[in-house]
Amino acid sequence: MSHHMIKGKVFVVGDNIDTDQIIPAQYLNLVPTNPEEYKKLGSYALCGLPDKHKARFVKDGEFKTEYPIIIGGKNFGCGSSREHAPVALGAAGTKAVIANSFARIFFRNCIATGEVYPVEITKEDLNKELKTGDEVEISLERNELKVIKTGKVHKLKDIGDVKEVIESGGIFSYARKKGMIK
Amino acid sequence: MTITEKILAKASGKKDADPGDNIWVSADILMTHDVCGPGTIGVFKREFGEDAKVWDREKVVIIPDHYIFTADEMCHRNVDTLRKFVKEQGIKYFYDPGTPSYSGVCHVTLPEKGHCRPGEVLFGTDSHTCTHGALGEFATGIGNTDAGFVMGTGKLLIKVPASMKFIIDGELPAGVTAKDIILRIIGDIGVDGATYCAMEFAGSTIESLSVEERMTICNMAIEAGGKNGIIAPDEKTIAYVKSKTKKPFECFKSDKDAKYLSVKQYDASKFVPVVAMPFSPDNVKNAADMKDFKIDRVYIGSCTGGKIEDFKMAAAVLAGRKVKVKTFIVPATVEVEKAISTEKIGGKTLVQIFEEAGCDKPAPPSCAACLGGPVDTFGRCNNDEICVSTTNRNFPGRMGSKGSQTILASAMTAAASAVRGKITDPRDV
Ligand code: SF4
């Protein structure tokens, strides 16, 4: 992963977005490591959101989203350990999820796969402040998110001690770098 | 040190393991199933090569259970991928659908077949792997990439979790079960109340519970965000494990001066039957307070509520009564399936009791509608049904269609609710 600057439209969701909403169980017959099925997973990303969400994350018949950034609330990615969840988001073209907090396995799977950056917000509830379609610019070097329209800058939390794993490109490259595996 | 820290220290070959430490631990068992197995195998082959061998063919346990009884071709293909892999690798423990070795739900199969032992480290590509902490081991769910790593190396880099202690003392009132205890705790701390933490359960109430009931508690640690649930092994645990396996094991328990992030105490004698209303496991209400809430169906099954004891409790409520709504019975495993046709209450087998009460014929063991799955899955909510279920999750769409609603309850509360067609405290039937 090397996108230290991420720019684009945000897709805003609420608290406790669980893995069934990110990728409903009926699509778990798709195997993420098969390229064709990987692509298909992207087309279903976030299709389990309740119908009150008017905007669709990925439009019918498409494989990619127009929103590279998801803004969530508390406990994003709770529920199952399915790696299909970060993979579906990554396959759809999501670069980062910014949320107040993440569920553990989802967070870990983001890092292990290198599919998306899971970044926490320091204080404010960005999902109340931003609307789907707003444009932002994220710097993972400065740990900042800037809202383009207003110019307002929000502090993001440093990703912490897993940074080394992410920077190496996931658990396998990290272990190779450390001489753990060949 | 806590029991979790002791097990992780041992598994990493260190004297201590402090919360926050990132350590490499050795796995004793890696479990995978039909939903995450093919992807895990994909990662394993991509990273270690087409001809690579798993680190230990006796320690990789493969249990297809999620999408078994479906016409979906992709699901069949996924099980075939597992079969091929098992053959090529010489994997010793594989519970193959359609053969006498088939078992059913992975988390009930693992302890039944002796794969869970105190003091060990068990990784599984399923979030409810935390179930097995009930046997005094460190067990946690991981993704395909991490599992592919374990498959090749037998090791994984993990962060030692801080422990939260839940002490539950006192006698549980009649009608109140392990499911009510864990729902109550989740209601208390919230669905992210234990994120990244070990949830350690102790106290006289926990000691009084059977091993199966303890599994129900640890099963739902993930519903509070926990990394693992754990209960120190005692004579009951040891007797249970020895009845399933001859392998030696080591029992650990927390030191008196172990450090906890928090300690919470509960008086079990004040507990009542509860339900978690849609759409979150922490939306917990007393069952009695929801008694006018109409429901469309009841589902008794899954790794949380589809074990022998769950069906015994359900049958005790249903004996001599009739259900008002469609009631699905899904034994978790073949062993549970056998038991419900041999175990008796008042001279009748559990299966007879369910039949006379008007429940649907028991389905073959699998995860079935617990997680929705393909549209032809047994018991799946395909419309806007409201279902009282003994499963563990009720986020939108969990049991099928987005418009359906799941209400989590114990087997007793589920059975009582089936009798009235409304949410019901089992003491009120
Ligand atoms: S029964 Fe439900 S919760 Fe348990 S492993 Fe199967 S799908 Fe998961």
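Above this text sits the structure in question.
Residues numbered from 1 in each chain as written. Chains lettered and ligands numbered in written order. Predicted model: local features only at pLDDT ≥ 70, side-chain atom pairs only at ≥ 80, totals over all residues. Heavy atoms only, no water.

(A) Geometry of the sheet that holds strand β8 (residues 163-169) of chain B. All names here are of chain B. Taken in spatial order, the 4 strands make up an open sheet running β10-β9-β8-β11, and their pairing is parallel. With one partner strand each, in any of the chains shown, β10 (228-230) and β11 (262-267) form the two edges of the open sheet. Across the sheet, the mean angle separating the axes of adjacent strands is 20 degrees when strand polarity is ignored. Sheet topology note: the β8/β11 ladder contains 6 bridges and is parallel. For phenylalanine 166, the partnering residue across the bridge sits in β11 and is lysine 264. Sheet contacts for helix α1 (residues 3-11): β8, β9 (198-202) and β10; angle to β10, the most-contacted strand, approximately 110 degrees. (Pairing = 2+ DSSP bridges. Helix = DSSP H or I, 4+ residues; strand = E, 2+ residues; numbered from the N terminus. Axes fitted to C-alpha atoms, helices over the stretch in contact; angles between N-to-C directions. Contact = heavy atoms within 4.5 Å.)

(B) View of the packing of aromatic side chains. On inspection of all chains with the given rule, the structure shows 19 aromatic pairs over all chains. Ring centres of A:Tyr27 and A:Tyr44 lie 3.7 Å apart, and the angle between their planes is 5 degrees; on these two criteria the pair is classed as stacked. Of the two residues, A:Tyr27 sits in the loop between α1 (19-22) and α2 (35-43) while A:Tyr44 sits in the loop between α2 and β2 (69-71), which places them 17 residues apart along the sequence. A connected cluster of aromatic rings, assembled from ring pairs, spans A:Phe172, B:Trp24, B:Phe44, B:Phe48, B:Phe85 and B:Phe149. When the ring centre of A:Phe63 is taken as reference, the NZ or CZ atom of A:Lys39 above it lies at 4.6 Å. Here the guanidinium or amino end of B:Lys244 rests over the ring plane of B:Tyr240, the centre of that ring lying 5.1 Å away. (Phe/Tyr/Trp six-rings, centres within 6.5 Å; stacked < 30°, edge-to-face > 60°. Lys NZ or Arg CZ within 6 Å of the ring centre and 35° of its normal.)

(C) Main features of the interface of chain B and chain A. In this assembly, 52 residues from chain B lie in contact with 46 residues from chain A. For the pair chain B and chain A, the two sides together bury roughly 3,800 Å², of which 56% comes from carbon and sulfur. It is B:Thr145, B:Tyr196 and B:Lys402 in chain B that bury the most area against chain A; as a group they hold 14% of the surface buried on that side. Put simply, chain B and chain A have 5 salt bridges between them. (Buried area = accessible area lost by both parts, 1.4 Å probe. Salt bridge = Lys/Arg side-chain N within 4 Å of Asp/Glu carboxyl O.)

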